[in-house]
Structures are given as structure tokens and as C-alpha cells.
Amino acid sequence: MKKLFAEFFGTYWLVFGGCGSALFAAGVPTLGIGYAGVALAFGLTVLTMAYAVGHISGGHFNPAVSFGLWAGGRFPAKDLLPYIISQCIGALAAAGTLFIIWTGKAGHAIDNTKAGVFASNGYGDFSPDGYSLQSAFIAEFVLTLFFLLVILGATDKFANGKFAGIAIGLALTLIHLISIPITNTSVNPARSLSQAIFAGGQPLSQVWLFWVAPILGAIVAGFLYKTLLQNHDPA
């Protein structure tokens, strides 16, 4: 249960901090943090929680990460469903908190006819810069694949584990710097689901891609790392 609570709180913080920065700070009238600020916020959520609760649960905070670690032989299949449920509940709780705060300001309604509404992910007309389904799928697949390679490498028993959280947090920042204009950046099915549920409409109908592409990318990364990169002999 401690592991599941750690995944709940870690995913809550990721969604609240990352999506919250996009909702409240990215485009305020006088001085917004912009894409770079939102990207950094997502990276900081993972970095801080990796050190706060990573030693309890492994610090997944993302169903794709759990699948990738399973494929890489680092995580038992029997724990996949409990972890994913905890992550999704944490993400939904954070999205609910954001919704309450967001709608507490006059004029703040959710217009699900617009791209990126309520920090949701999308493709086509719901991509921030109009990228197609194909472009969105490739971006999410490739970026999640490399995210898992960083995670698997940084947490390898032969790596310097003290700096793993920094490498992973910076990797997630870089991922967002690349892909916010493409899909509003998912690489995390729980984060996508939570925002899409509150947005409804087209963002919710497109959320399937942000489960399929990241999980496939993560699984491929797990098998690649285990078969091609993992060092079994430090010498």
C-alpha cells in the first residue's frame, strides 16, 4: 500500500504541477512562463518526487514507465494493474483540484472546441500547432522510447543512482520543449486521461492515442535496453 500511495502522490504532483503551470502561468497577460516554463515545471515535478518517494515505489508516476520497466525486466507483471490504477487516480484527483481552482475565476469555462483546452493533449485540429495524427503518434512513440532509455540507464545498478532523478527530470523537460507544439506533450497516459475527462468532447475521443503510442514506445525501449544496452558485467 505504501508503494501505491507513493505512486498516487507522485502522479498527483506531476499533473498538478505540470498541467497547473500550463493553466495558470503559461499565458498570463503581462508575464507568462511560456512553453519553456511549462516544460521545466513538468521536469521539476518528476525530479522532486523521484527523490521524495522514488525510494518507496520506484517513482514511476506514469503507466508507460511501468510498462517499460516491466519490458526491461525491472518490474513484475503482477504489479502493473495496481500501479496504473494508483497513477490514474492520482492524476484524476489532481485534475479535479485544478478544475476547482480554474473555474473559481470569472470567465474560466472549459471550451472543448479549442486545442489544448484544460491542458489536454490532441492531434489534428486539437494539436497546438495543427500536427496530424501520424505526426502525433510518431512524436509520442519516439519521445517515450527515449524517456524510458534514460530511465533504464540512469537507474541501472551500474549507474550512479544518486543523480538518476536529475537525469530523468531533465529528460522530461527536454521532451516537453520538443513536443508541446505537436501534442501538448503526453508521454504519460494517466496525465492525458485526467485532463481529457475534464475537458470532454474531442480531447476525450483522442485520448486513445496518448495511451497507445507512449505504452508501445515504452515497451520497445524496455526490450531494446534489456537486449542491446544493459551491461551485465561492470568490467
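Presented here is an overview of the structure given in this document. The structure displayed is predicted, hence computed values, not measured ones.

With that out of the way, let us pick up the environment of Gly 222. Tracing the chain through its elements places Gly 222 in helix α9 (residues 209-229). Given the relative accessible area of 0%, Gly 222 is considered buried. Discounting residues that sit within four places of it in the chain, Gly 222 has contacts with Gly 68, Ala 71, Gly 72 and Leu 152.

Moving on to the nonpolar core. With 49 residues, the main nonpolar core has Val 15, Phe 118 and Phe 147 as its most contacted residues. Of all the secondary structure elements, the ones that give two or more residues to this core are α1 (2-24), α2 (34-57), α3 (63-71), α4 (80-102), α5 (133-154), α6 (164-183), α7 (189-199) and α9. Looking at this core, the element that brings in the most residues is α4, giving nine residues. The residues touching Phe 147, leaving out its near neighbours within four places in the chain, are Asn 62, Val 65, Ile 168, Ala 171, Leu 172 and Ile 175. Among the nonpolar cores identified, the runner-up in size contains five residues, and Tyr 123, Ala 136, Leu 209 and Ala 213 belong to it.

Below, the discussion takes up the packing of aromatic side chains. For any pair of aromatic rings, geometry is given as the distance between the ring centres together with the angle between the planes. Scanning all chains against the criterion turns up ten aromatic pairs. Geometrically, the ring pair formed by Phe 24 and Trp 102 is tilted, given 6.1 Å between the ring centres and 45 degrees between the ring planes. Of the two residues, Phe 24 sits in helix α1 while Trp 102 sits in helix α4, which places them 78 residues apart along the sequence. When the ring of Tyr 123 is compared with that of Trp 208, the centres are 6.4 Å apart and the planes differ by 75 degrees; the resulting orientation is edge-to-face. Taken together, the positions of Tyr 123 in the loop between α4 and α5 and Trp 208 in the loop between α8 (201-205) and α9 put the pair 85 residues apart, joining distant regions of the chain. Residue Tyr 123 is classed as buried on the basis of its relative accessible area, which comes to 13%. An aromatic cluster is present here, built from Phe 8, Phe 9, Tyr 12 and Phe 16 joined pairwise through their rings.

A large share of α3 lies buried, amounting to seven of its nine residues. Its side-chain oxygen at 2.8 Å from the backbone nitrogen of Ala 64, Asn 62 defines the N-terminal cap of α3. Count one or two residues on from α3 and you reach Gly 73, which has phi positive near 80 degrees.

Calculation criteria
Residues numbered from 1 in each chain as written. Predicted model: local features only at pLDDT ≥ 70, side-chain atom pairs only at ≥ 80, totals over all residues. Heavy atoms only, no water. Helix = DSSP H or I, 4+ residues; strand = E, 2+ residues; numbered from the N terminus. Buried < 20%, exposed > 50% of the residue type's maximum accessible area, 1.4 Å probe, protein only. Contact = heavy atoms within 4.5 Å. Core = buried A, V, L, I, M, F, W, Y, C linked by side-chain atoms within 4.5 Å. Phe/Tyr/Trp six-rings, centres within 6.5 Å; stacked < 30°, edge-to-face > 60°. Polar contact = N/O pair within 3.5 Å; in protein donor to acceptor, adjacent residues only side chain to side chain.

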